Amino acid sequence: MDSKNTDQNPSRASWSGQIGFILAAAASAIGLGNLWRFPYLAAQYGGGTFILIYLVLVVTLGFTLMVTEIALGRMTQQSQLTAYGKLQPGFGFVGLLSTIIPVIIVPYYCVIGGWVLKYFWTYLRIVFGNQNATEALADSGAFFTGFISAPFAPFGFGLLFILICALVIVLGVKDGIERSNKIMMPLLFAMAVGISIYVCCLPGSGEGIKYYLIPNMDSLRAVGEDGAAHFSLAQLGKTILGAMGQMFYSLSLAMGIMITYGSYMRKEDSIEKCVRRIEIFDTLIAIVAGLMIIPVVYMFAVKTGVTPELIAQTGSEEAAKLTAVKSAMNAGPGLMFVTLPKVFAGFGAAGPWVGVFFFLLVIFAALTSAISLYEACVASVCDLLHIDRKPATFFTFFLIAFLAVFSAIGYGAWGKVTMSAALQNMGFAGEWAKSAFFSMQFLDFFDFITNSFLMPIVAAFTCLFVGWVVKTKAIEDEVLHGEAKFAAAGFYRVMVKFIAPALILAILVSEICRNLGIGGWKI
Ligand code: PHE
């Protein structure tokens, strides 16, 4: 067996320094999850209450997992595919599982990236006075469905997105990934702050900001048998689990990316400090994204969604408002691609410009995340086959492009190709064969098996592997390379051995129940 603590491998690529690493990890972490998923979950789960719970989870569970992954990578000088097996033969299967995750995610992430490119392109045409584009976007719902179900366009834009990632990756860790991050990340930050200031200064945005930031305990209550609302442990559990799933996704944990990125980190840099900074950046952008989106969606939903029928149904105008806002925020991809364009249309002459900047911001966020996913695949191919970056990038490009076909045309020509259809053809007539789970489109299915299933499994195995097989001492020694003391060592030990695996298993069980519709578990 190899020695556990490998010295820096001089032939392995590395970041230029601590800032390069922090920027790269933050660039991976900040993505569609921050811009779209965080605001909508916060709106669903009571605003400030959700944000508080999320913050606590980031500095405890998120911290533990991220330190673990980065240390595993730097210690073994390997990407995730080979890192586990190198430490303990027989555990290579965890590496394999964690490599499958980015291989499944990149293709569909790039297809969504392609949708964003399409919107950016359309807004750019509007800004330059193309009347057809303005008319096309006027009914953004029809525009969106028309686009994602077109035979070739979604794949074409997705392919362009994959190609951009490949070009950056082929240039290498320092000259490709680090350099592109240095351009895109500051711009992303500036645009996010700029748009949120613009939105918060719009007349009438105050109510939406309050709704987003002030903790709302109603979301932790459920109506009891006496007809009154009481604090509900089940509601609290759901909020915690929702925040936990979001935290994993947002920090790019449990899919080996941080192992690969950690393997490029210099021994003299401090893991603990880097992790704290990455967490601050990622959380800050998520909160700012909410300030960019929630106030305008709030105003829009109140203006268009509070009908006399809804007031009658919900009992009061206040309740109707909340219902309308929740349903607008819960529109899934429709929130970004249908609702926001409608909101921007109400901004008059500024609208198309806000659209251009907003979608450019989303492109940067999605690109830097997709690059990290793609890099995790390329690094694994390099480490496994001992080949160079160029052929590895080339080979992975074809694999990703091929897999992207399924997600790209899954809403159009292959819209009827689902497991449910296949099962019914095979003669299974039960209600279960028609359930939401078996009726998913390709893209949703890939999203489900990675986020709800494979990621918790890999995360739980990683904690148990480090806590009980490799032992936490190895990780603590690795952290101590870059700093005089590991301040949170005691806390880290308890988290990784006991608390983290237990919490992660809770996510796994709840996600499976939610997706199979067991126990009325729905968000
Ligand atoms: N962390 C990214 C986000 O918030 C998502 C992501 C998922 C990035 C998987 C890389 C890998 O959107």
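Our subject is the structure that appears above.
1. What about the overall build of the protein chain?
- Assigned secondary structure in the protein chain consists of 22 helices and two strands.
- Taking 2.2 N^0.38 as the reference for a compact globule, 523 residues should give roughly 24 Å; the C-alpha atoms of the protein chain span a radius of gyration of 23 Å, in line with that estimate.
- With the C-alpha coordinates of the protein chain rotated into their principal frame, the extents come out at 70 × 60 × 60 Å.
- Scored against the burial criterion, the 523 residues of the protein chain give a buried share of 56%.
- For the protein chain, restricting intrachain contacts to residue pairs at least 6 apart in sequence, the fraction spanning at least 24 positions comes to 81%.
- Carbon and sulfur atoms provide 68% of the accessible area of the protein chain, an area that totals close to 21000 Å².
- Between the averaged position of the 33 positive side-chain charges in the protein chain and that of its 30 negative side-chain charges there is a distance of 3 Å.

2. Overview of the layout of surface pockets
- Quantified by volume, the second largest pocket comes out at close to 420 Å³.
- If you trace the second largest pocket, you find 16 residues lining it, with Ser11, Arg12, Ala13, Cys382 and Asp383 closest to the centre.
- At four residues, the largest contribution of residues to the lining of the second largest pocket is made by helix α17 (residues 350-385).
- Tallied by class, the residues present in the lining of the second largest pocket amount to six nonpolar, five polar and five charged.

3. Comments concerning unusual backbone geometry
- One non-glycine residue, Ser252, adopts positive backbone phi at about 55 degrees.
- Here Ser252 shows up in the loop between α11 (233-250) and α12 (257-263).

4. Here we look at the packing of helix α16 (residues 333-345) against α17
- The contact between α16 and α17 brings their axes to 9 Å, and the two run at 150 degrees. Classed by the angle they form, the pair α16 and α17 counts as roughly antiparallel. Counted together, Met336, Phe337, Leu340 and Phe344 of α16 and Gly351, Val354, Gly355, Phe358, Phe359 and Val362 of α17 form the full contact between these two elements.
- Counted by class, the contact of α16 with α17 contains eight nonpolar, two polar and no charged residues.

5. Things to note about the site of the ligand
- Surveying the vicinity of the ligand reveals 15 residues, the closest of which are Ala29, Leu32, Gly33, Asn34 and Tyr249.
- Between a nitrogen atom of the ligand and a main-chain N or O atom of Ala29, the distance comes to 2.9 Å.
- Take Leu32: an N or O atom from its main chain is 2.9 Å from an oxygen atom of the ligand.
- Taken by itself the ligand offers 310 Å² of open surface, and the protein chains cover 100% of this.
- A majority-of-atoms criterion places the ligand in the largest cavity.

6. Some words on the nonpolar core
- Counting 171 residues, the largest nonpolar core has Phe248, Phe358, Phe359 and Tyr374 as its most contacted members.
- The biggest single contributor to this core is α17, with 21 residues.
- In this structure, Phe359 is in contact with Val116, Tyr119, Phe120, Tyr123, Met336, Phe337 and Phe344, ignoring residues within four places of it in sequence.

7. Overview of the environment of Ser140
- Mapped onto the secondary structure, Ser140 falls in helix α7 (residues 140-148).
- With relative accessibility at 0%, the residue Ser140 sits in the buried group.
- Each C-alpha atom of the pair Ser140 and Trp36 lies 17 Å from the other, and the pair is 104 residues apart in sequence.
- In contact with Ser140, not counting residues within four places along its chain, are Tyr119, Phe337, Val338, Pro341 and Lys342.

8. Digging into the packing of aromatic side chains
- Counted according to the given criterion, the structure contains 32 aromatic pairs.
- A centroid spacing of 5.7 Å and a plane angle of 10 degrees characterise the contact between Tyr45 and Phe50, whose relative ring orientation is stacked.
- Put simply, the rings of Trp115, Tyr119, Tyr123, Phe143, Phe144, Tyr198, Phe337, Phe344, Phe347, Phe358 and Phe359 touch in pairs and so form one group of aromatic residues.
- The cationic tip of Arg37 hangs over the ring face of Tyr249; the distance from NZ or CZ to the ring centre is 5.6 Å.
- Over the face of the ring belonging to Phe63 we find Arg276, whose NZ or CZ atom lies 4.0 Å from the ring centre.

9. Remarks on the side chain of Arg389
- Among the secondary structure elements, Arg389 is positioned in helix α18 (residues 389-409).
- Side-chain polar atoms of Arg389 contact the side chain of Glu375, separated by 2.9 Å.
- Excluding anything up to four places from it in sequence, Arg389 contacts Ile169, Val170, Gly172, Val173, Tyr264, Glu375, Val378 and Cys382.

10. A short note on empty space enclosed by the protein
- Following the criterion strictly, the structure yields one cavity of 30 Å³ or more and no others.
- Lining of the largest cavity is provided by 14 residues; of these, Ser28, Tyr109, Tyr249, Ser252 and Ser369 occupy positions nearest its centre.
- Elements supplying a minimum of two residues to the lining of the largest cavity: α1 (18-29), α2 (32-44), α5 (92-127) and α17.
- No other element matches α17, which puts three residues into the lining of the largest cavity.
- A per-class count over the lining of the largest cavity returns eight nonpolar, six polar and no charged.

11. Description of the side chain of Ser79
- On the secondary structure map, Ser79 appears in the loop between α3 (48-76) and α4 (80-87).
- Apart from residues no more than four positions distant in its own chain, Ser79 is found in contact with Arg12, Ile259, Thr260, Ala379, Ser380 and Asp383.

12. Let's talk about the environment of Gln246
- Locating Gln246 in the fold gives a position in helix α11.
- Residue class for Gln246 comes out buried when judged on its relative accessible area of 0%.
- Considering only alpha carbons, one finds Gln246 and Gly33, 213 residues apart in sequence, at a separation of 7.5 Å.
- Sequence-distant contacts of Gln246, that is, excluding residues within four places in its chain, are made with Gly33, Arg37, Phe38, Leu41 and Tyr54.
- Within the structure, the side chain of Gln246 is placed 2.8 Å from the side chain of Arg37, a separation counted as a polar contact.

Rules and cut-offs
- Residues numbered from 1 in each chain as written.
- Predicted model: local features only at pLDDT ≥ 70, side-chain atom pairs only at ≥ 80, totals over all residues.
- Heavy atoms only, no water.
- Helix = DSSP H or I, 4+ residues; strand = E, 2+ residues; numbered from the N terminus.
- Rg over C-alpha atoms; globule rule 2.2 N^0.38 Å.
- Buried < 20%, exposed > 50% of the residue type's maximum accessible area, 1.4 Å probe, protein only.
- Contact = heavy atoms within 4.5 Å.
- Areas by Shrake-Rupley, 256 points an atom, 1.4 Å probe, with all protein chains shown as cover.
- Lys, Arg positive; Asp, Glu negative; His and termini not counted.
- Charge placed at Lys NZ, Arg CZ, Asp CG, Glu CD.
- 1 Å grid on protein atoms, 1.4 Å probe; cavity = no way out; pocket = protein on both sides within 12 Å on 5 of 7 lines; lining within 4 Å.
- Points joined across faces, edges and corners; volume = space filled by probe spheres on them.
- Nonpolar A, V, L, I, M, F, W, Y, C, P; charged D, E, K, R; others polar.
- Axes fitted to C-alpha atoms, helices over the stretch in contact; angles between N-to-C directions.
- Parallel < 35°, antiparallel > 145°, perpendicular 65-115°, else oblique.
- Near = heavy atom within 4 Å.
- Polar contact = N/O pair within 3.5 Å; in protein donor to acceptor, adjacent residues only side chain to side chain.
- Sits in = over half its atoms within 2 Å of the grid points.
- Core = buried A, V, L, I, M, F, W, Y, C linked by side-chain atoms within 4.5 Å.
- Phe/Tyr/Trp six-rings, centres within 6.5 Å; stacked < 30°, edge-to-face > 60°.
- Lys NZ or Arg CZ within 6 Å of the ring centre and 35° of its normal.

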